[in-house]
Each structure stands twice: as structure tokens, then as C-alpha cells.
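Summary of structural features
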Amino acid sequence: MPRLFVRAALLFALVRLLSAADGAALYKENCAACHDGGADRAPNREALRGMPAQRVLDALESGAMVTMASRRTAQERRAIAEYVSGKALGEDVQTTPPATAMCPANTTAFSSTEGGLWNGWGVTLSNTRFQDAAAAGFGAGQVPRLKLKWAFGFPGDLSANAQPVIAGGRVFVGSDGGVIYSLSASTGCIHWYYRGASTVRAAMTVARIEAGSGYAAFAGDRTGNVYALDAATGKLLWKTKVDSFPLARVTGSPQFLNGRLYVPVASGEEGAGSSADYECCKFRGSLVALDAANGKQIWKTYTIDEEPHPTKKNTAYERRRVLVRPGKSVRSKTANEPNAPKSPT
Ligand code: HEC
């Protein structure tokens, strides 16, 4: 028993350490520009350290800083609050949907022919984004008379960005918290949910991988992962990282055609590039074609041909070299430096 206790304590300490490291990086990326940079009225690091963790969290979730943290997941907001205050929060956030939100067991069948259809971002391959009266079940004249049938709240999230998709009598939608849901289109109950690695911002796509196979629901996330989930059950069929660049993300909707999934790949490097410490820019956007049956890459085409390579060193780099001394903070010396000049492309 004592050994088990020691292990549990070590694990707990490790989790705390990891979340502290996470909090530091998130703070640097999302908050430091103002709070370390002497922005008007923004409390400095010392003032933030004097606050209870819960007060920082409240500022991020319902106070003055809501817009600064609306893209962060519940766990990320908590990691930031614990890091800046240097204190632990109380209870863990509850992001597991309650049992009462789940559909009754006898309603789990997925029927590809049932209900309306709004599949993918654009509905058709040419992105018409048009729903005719036959598919919708009513005409344009009835739109002003629509009433709310049900509403669904994503547990732990402050915002929702992904366009929901309708297929097989279900709503498929990913969330800022990285959870992918399959809901009943008629009642909003949850058929299944799948916990992905990160925020899902793009519309999903539902398709039959090949004749005779079941239907898959495809989604991309903010860390460059693409998922294929069994549309009926939510079981993971495959998961592929489409780009190894740390800031790579999938924010465009995957598109399915003839057994292939086409995935646009972007990154959040413009955010990192606003820091004078960051060696910018190293990412190229791309379009990737995956085998929809197993997630293997068939080809990848970059949106620009030229490979990223160092072009010049800016003044921030030169000054940093001069200013780095033992015991001195590099960040505080360079925080107000101008950004790297844009390279002539
Ligand atoms: C664009 C600048 C900016 C960014 C980015 C920013 N803040 Fe702030 N923050 C401010 C300013 C300005 C205030 C003072 C607001 C006021 O007085 O109304 C403030 C106030 C606060 C407060 C005090 C709220 C209170 O209850 O008194 C906290 C805590 C805080 N920020 C945390 C954060 C965290 C954590 C982040 C990163 C997720 C962040 N801020 C990002 C500018 C910013």
C-alpha cells in the first residue's frame, strides 16, 4: 500500500508539473504580450501572482478576459490560472456529459437515408451551401416561423466554432474542448462522443468509405490530427497526423471523394511569429490526400513550392545575443522589440 501511495503521489506531482509547464507556454502565447508588456491597466505578473487561482479563472471564463481565453479549452484555462497565480484550483472541471444527456440505448442505429442532409462545409462538392425544399422538408417561406426545438451546450466550453453537419438523422459536430459528438437531430440526445486531442473548428464530413462498408465521420483538429470515426458508434477507425509541424492545424473541412479524403492544412504560426523570440517563419500550408480506408497519406502538395529557410537575422536576435547574461531574463529584455521584418516573398 505505501508503495502504491508513493506512486500515486509521484503521478500527481508529475501531472501538476506538466500542467504547470503547459500553463507557462499558454500564458506566453496568449497573455504575456499585455501582462508582461506593460499594457494599459493590465495587472503585471506580480499582481497576477497575488490573486487566487479561482479569480484568474473567473476573469477568463466570465470576467474581463473572456475574449482573451475564448479559444482555450477548459483544461487550458485552468492550467493558465494555476500558472499565473502559482496556486492550485479546487475541483476538476466536469467535461463528461451527464448520463441523462445520452440517447436511450434502443435509438443508436445510424440510417444513411434518414432525415435532412447538410454534409461537410459546402453540402456539395462545389460548395454551393444550398439546401433545397425537398432536402430541408420545408420551403424558404417557412424559415421565419421556425421555433427552437432543442439546444445543446458543450460541457466545459465557452465558445463553439465548428459548423454542425446533418446526416443519417444525426448532427455531427466537434467542439472547442476537442470532443466530437453525434447527436440525435430530432432530440439533441448524445448517441456517442469521442474525446479527440484538440479543438475541432471545421465542419465534419460523413461518407461511406467504400461500397458495402459502414459510414465514417471525418474530423480535423487544431493540432493537425485527422480522425475517422464509425458514424454509427463513434469507434475510432484511424487517426493520422497530417503535418508534424508543432503549430500545424486543420481548420478547413476535410472533403471526401472516391475513397479519398482531401484535407487542407494550416498553422497558427502567425501568432508565434508575433513574439520576438520566435524564429519565423517555418511553416508551409498544404493539401493532403489520404486513403479514407486507413488514413495513409497518398500525396501532399504545398501551397508554395519554396522550402522555408533562414533569410536574415533581425535586430531582436542581435540584441538578445548581447543581453543574455547569467541570471538575466531574456524575455523581459526582448518583449518590446519590434517583430521581425517580413522577408521579401
Ligand atoms: C490585449 C491585452 C491583454 C491580453 C492578451 C490579456 N489581458 Fe488580461 N488584462 C488586460 C487589461 C487591459 C486588464 C485590465 C482590465 C480592466 O481593468 O478592465 C486585464 C486584466 C486581467 C486580470 C484581472 C481581472 C480582475 O479580476 O481584476 C486577469 C486575472 C487577467 N487579465 C488575466 C489574463 C490572462 C490569464 C490572459 C491570457 C489568457 C490575459 N489576461 C490576456 C489586457 C490583456
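Residues numbered from 1 in each chain as written. Predicted model: local features only at pLDDT ≥ 70, side-chain atom pairs only at ≥ 80, totals over all residues.

1. Quick word on the site of the ligand
- In the vicinity of the ligand, 23 residues are found, and the nearest of them are Cys31, Cys34, Ala42, Ala59 and Met68.
- Counting only elements with at least two residues in the shell around the ligand, the list comes to helix 2 (32-35), helix 4 (53-62), helix 5 (66-69) and helix 6 (74-85).
- For the shell around the ligand, the leading source of residues is helix 4, giving 4 residues. (Near = placed C-beta within 6 Å. Helix = DSSP H or I, 4+ residues; strand = E, 2+ residues; numbered from the N terminus.)

2. What about the environment of Thr233?
- Structurally, Thr233 is set in the loop between strand 7 (225-230) and strand 8 (236-241).
- In the structure, Thr233 is positioned 40 residues away from Tyr193 in sequence and 8.9 Å away in space, judged by C-alpha atoms.

3. As for helix 6
- Its 12 residues place the ends of helix 6 17 Å apart at the C-alpha level, agreeing with the 16 Å of an ideal helix rising 1.5 Å per residue.
- In terms of burial, helix 6 is largely enclosed, as 11 of its 12 residues are buried.
- Of all the positions in helix 6, only Ala74, Glu76, Arg77, Arg78, Ala79, Ile80, Ala81, Glu82, Tyr83, Val84 and Ser85 are classed as buried. (Expected span 1.5 Å × (residues − 1). Buried ≥ 20, exposed ≤ 12 C-beta atoms within 10 Å, placed from the backbone.)

4. Notes on the sheet that holds strand 7
- The strand order across the open sheet formed by 4 strands is 5-6-7-8, and the pairing between neighbours is antiparallel. Edge positions in the open sheet fall to strand 5 (205-208) and strand 8, since each of these has one partner strand only. For this sheet the average axis-to-axis angle between neighbouring strands, irrespective of direction, equals 20 degrees.
- Here 5 bridges tie strand 7 to strand 8, and the two strands are oriented antiparallel to one another. Residue pairing across strands places Asn225 opposite Lys241, the latter belonging to strand 8. (Pairing = 2+ DSSP bridges. Axes fitted to C-alpha atoms, helices over the stretch in contact; angles between N-to-C directions.)

5. Focus: the sheet that holds strand 4 (residues 190-195)
- The antiparallel open sheet is built from 4 strands, whose spatial order is 1-2-3-4. In the strand order of this sheet, the two ends are held by strand 1 (165-167) and strand 4, each with one partner. Taken pair by pair, the neighbouring strands of this sheet meet at an average axis angle of 20 degrees, ignoring direction.
- Relative to strand 4, strand 3 (residues 179-184) runs antiparallel, the two being bridged by 5 bridges. Opposite Ser182, over in strand 4, you have Trp192 as the bridge partner.

6. A word on the packing of helix 4 against helix 6
- Two numbers describe how helix 4 lies on helix 6: the axes approach to 8 Å, and their chain directions differ by 135 degrees. Compared by their axis directions, helix 4 and helix 6 come out oblique. Remark: the crossing between helix 4 and helix 6 carries right-handed chirality. In this structure, helix 4 uses Ala53, Val56, Leu57, Leu60 and Glu61 to contact helix 6, whose residues at the interface are Arg77, Arg78, Ile80, Ala81, Glu82, Val84 and Ser85.
- For the contact of helix 4 with helix 6, the class distribution of residues is 7 nonpolar, 1 polar and 4 charged. (Parallel < 35°, antiparallel > 145°, perpendicular 65-115°, else oblique. Left-handed = near helix turned anticlockwise from the far one by under 90°. Contact = placed C-beta atoms within 7 Å. Nonpolar A, V, L, I, M, F, W, Y, C, P; charged D, E, K, R; others polar.)

7. Considering the nonpolar core
- Core analysis: the biggest nonpolar cluster contains 43 residues, and Met204, Ala216, Ala217 and Phe218 have the highest contact counts within it.
- Beyond its immediate chain neighbours, meaning those up to four positions away, Phe218 contacts Met204, Thr205, Val226, Tyr227, Ala228, Pro254, Phe256 and Leu261.
- Formed by 14 residues, the second largest nonpolar core is a distinct cluster that contains Val56, Leu57, Leu60 and Ala69. (Core = buried A, V, L, I, M, F, W, Y, C linked by C-beta atoms within 7 Å.)

8. Comments concerning the pairing of strand 13 (residues 297-302)
- Relative to strand 13, strand 12 (residues 286-291) is paired through 5 bridges, and the arrangement is antiparallel. When the sheet's bridge partners are listed, Val288 is paired in strand 13 with Lys300.
- With antiparallel pairing between neighbouring strands as the criterion, strand 12 and strand 13 make up a hairpin whose turn holds 5 residues, including Gly295 at a positive phi of roughly 80 degrees.

9. Some remarks on the confidence of the model for the protein
- When the pLDDT values of the protein are averaged, the result is 85; 84% of them are 70 or greater.
- Every residue in residues 325-345 scores below 50 in pLDDT, and together they form 27 contacts with partners more than four places removed in sequence or on other chains. (pLDDT = per-residue confidence, 0-100.)

10. Notes on unusual backbone geometry
- The omega torsion across Cys280 and Cys281 is 0 degrees, close enough to zero to call that bond cis.
- Along the polypeptide, Cys281 turns up in the loop between helix 8 (269-272) and strand 12.
- Phi at Asn127 is positive, roughly 55 degrees, even though this residue is not glycine.
- By secondary structure assignment, the location of Asn127 is in the loop between helix 6 and helix 7 (133-136).
- Residue class for Asn127 comes out exposed when judged on the 12 C-beta atoms lying within 10 Å of it.

11. A look at the pairing of strand 5
- In this structure, strand 5 lies alongside strand 6 (residues 215-220), joined through 4 bridges in antiparallel fashion. Among the inter-strand pairings, Thr205 is bridged to a residue of strand 6, identified as Phe218.
- Here strand 5 folds back onto strand 6, and the loop between the two strands holds 6 residues, one of which, Gly212, carries a positive phi near 90 degrees.

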